[in-house]
Amino acid sequence: MAHFWRKVRTGLTILRKPQVVRALPLHFQLEPARGCNLRCRMCQVPDYKPDQWKNMSLDQFKRIFDQIRPTNVALSGSGEPFLNPELLDIVRYAKAGRASVLTTTNFTLCTKKLEEIVRSGLDLIKISLDATTAETYEKIRGVDRFALILRDLEELQAIKKRLGSPTPYVRLQFVLQADNLGEIEKMVELAHRLRADSVYFQPLETLLIQDRKEELTRGVQMEDLGRRLAAARDRAAEFKITTNAGVLVRSLPSYFRKYEPGIPAKPPSRVCLLPWFSLYITVEGNVRPCCSFAEGETFVLGNLFTQSFQEIWNGPAYRELRRHAVACRLGYTVCRNCIPNRLRDFLSLSAVLPGFFKRGAE
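What this report covers is the structure whose coordinates are included nearby. As the structure is a prediction and not an experimental result, all values here were calculated from the model.

**Details of the nonpolar core**
Here's step 1: Of all hydrophobic cores here, the largest spans 99 residues; its most connected members are F28, F61, L172 and F201.
Here's step 2: Ranked by residue count, the leading element in this core is helix α6 (residues 146-163), at six residues.
Here's step 3: A74, L102, L124 and F356 belong to the second largest nonpolar core, which has five residues in total.

**Overview of the pattern of salt bridges**
Here's step 1: Taken as a whole, this structure holds 22 salt bridges when the rule is applied.
Here's step 2: Ionic pairing is found between D152 and R151, a salt bridge with its closest N-O pair at 3.2 Å.

**Structural notes on the packing of aromatic side chains**
Here's step 1: Here the structure, examined in full by the defined rule, presents 14 aromatic pairs.
Here's step 2: Ring geometry for F356 versus F357: centroids 5.0 Å apart, planes at 50°, classification tilted.
Here's step 3: An aromatic cluster is built from F28, F61, F65 and Y93, whose rings are joined through pairwise contacts.
Here's step 4: Its end group placed over the ring of W313, R322 keeps NZ or CZ at 4.5 Å from the ring centre.

**With respect to the sheet that holds strand β11 (residues 286-288)**
Here's step 1: Overall, mixed pairing links the 10 strands, which are arranged β9-β8-β7-β6-β5-β4-β1-β10-β11-β12 in an open sheet. Whereas interior strands pair on both sides, the edge strands pair on one side only; in this sheet they are β9 (242-243) and β12 (302-303).
Here's step 2: Direction of pairing for β11 relative to β12: antiparallel, over a ladder of two bridges. The residue of β12 that forms the bridge with N286 is N303.
Here's step 3: Where α6 meets the sheet, its contacts fall on β6 (124-128) and β7 (169-176), and the angle it forms with β7 comes to roughly 155°.

So, how was this worked out
Per chain, residue numbering runs from 1 following the sequence as it is written. Two thresholds apply to this predicted model, a pLDDT of at least 70 for residue-level local features and 80 or more for giving and counting side-chain atom pairs, whereas whole-chain, interface and lining totals are computed over all residues. Side-chain measures here rest on the full set of heavy atoms in the structure, leaving out hydrogens and waters. Nonpolar cores were defined as sets of buried Ala, Val, Leu, Ile, Met, Phe, Trp, Tyr and Cys residues, with membership established by side-chain atoms within 4.5 Å. The classification of residues rests on relative accessible area computed with a 1.4 Å probe and restricted to protein chains. Under 20% of the type maximum is buried, over 50% is exposed, and intermediate values are partly exposed. Here a strand is any run of E in DSSP of at least two residues, a helix any run of H or I of at least four, and the numbering for each starts at the N terminus. Throughout this description, the term salt bridge denotes a Lys or Arg side-chain nitrogen within 4 Å of a carboxyl oxygen of Asp or Glu. Only Phe, Tyr and Trp rings are paired, with Trp represented by its six-membered ring, and only when their centres lie within 6.5 Å; those with planes under 30 degrees apart are stacked, over 60 edge-to-face, the remainder tilted. Lysine and arginine charges are scored as sitting over a ring when NZ or CZ, respectively, is within 6 Å of the ring centre and within 35 degrees of the ring normal. Only strands that DSSP links by at least two bridges are regarded as paired with each other. Any two residues whose heavy atoms approach within 4.5 Å are treated as being in contact. Only C-alpha atoms enter the line fits that serve as axes; for helices the fit covers just the stretch in contact. Angles between N-to-C directions range over 0 to 180 degrees.

Structure representation (C-alpha cells):
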C-alpha cells in the first residue's frame, strides 16, 4: 500500500502545485554514462571523445537512490548506458529497492550481455533504431549495425522465452526525420516481426543542431507526415502493438513546429508539471529539471554528491522554478521548444512504456 498512497499524495501535490513539496519525487532520470560509440545525424549531444567519457559508479547511484527511493527510474542521458560496466548492477540495486527500471540504448554493445539483461530484472528496454532497412540505418547512424541489432533482438526474445520472463519489455524508438519518413508504417511491421511491445515515434529535436535542421527536415510536410502516422496507428492496432502515433496525429500542428524554421519565440501556455514529481540527474550528480537540460543551457538546481536531496528539492532554485512554472514563465530556450505533458498525458504514457508503470511491490 505504501506505493499507492505515495502516488495519491503526489497526485494531490501536482494538483495544488505548492512551491515547497513534501512528497519525494516518484521518478528520476539518471545519466549512467556520458559518451557514445555512435555519432547519429540528429543527435544533439556533443561528440565527446573517449577520454571525456564518464560513468556513474554503483556506489554513487546508491547514495542518490537511497535518498529518494523512487518508484520509477529511467537510466538514460547524454550517452550510451551500456558503456557503463556497472549498468546492470545499478539496475539490480534499483529493482531490489522496488523501483521499475528502464534504459534507452542503441543496442550495439549488448551481444554478450543478453541473458544478464533478462536476469537483471530490467522492466523496459527502449532501443533506438530509426530505420527498417540497413541502408537507412547506416545513413542516419553512420555505422552498419542494423543486422546485428535485429539478430540480438531476436536472441533477447528467445532468452526471455527460455527463462519464462516477460521482461524486459521492448520498445522501438523512431526519430521522425526526412530520411526515414517512408518507413514509418514499416516500422510497425518490423516491430510485429520482432515481437516488440511498442513503437515510439519521436518528433525531431533540433534546438542544439540548428546547422543541421534544414538537412534533417527538408521535404517534410505536415499533411504527408500526418497521413503516414495515421497509417502506422491503424497498422499498430491491427497487430495489437501500442504506439504514440495516434497522439501525434491528434496534436500534429503543435509537434510540427519543431520542423519549421527557427525556434518558437515563447513557451506554450501549458504548465510544466515535472518540478513536482520528477528530476534529471547528470553523471556528475547535478540536478536539472528534466532531460531537455542535459545539454546546452546550463541550469543546475544542486548537486547530490555535495548536498542532501531535501536541501535541493525544496531549496531556493527549485521553489523559483515551481513559481515560474505555475505562471507559465519558464523562459529558457529549451522550454520554448517544449510541449509539456498534461496530467492525463502522463497517465496515458503507460501504453507506450509497457511494464514501467506497473504497480510496485508492496
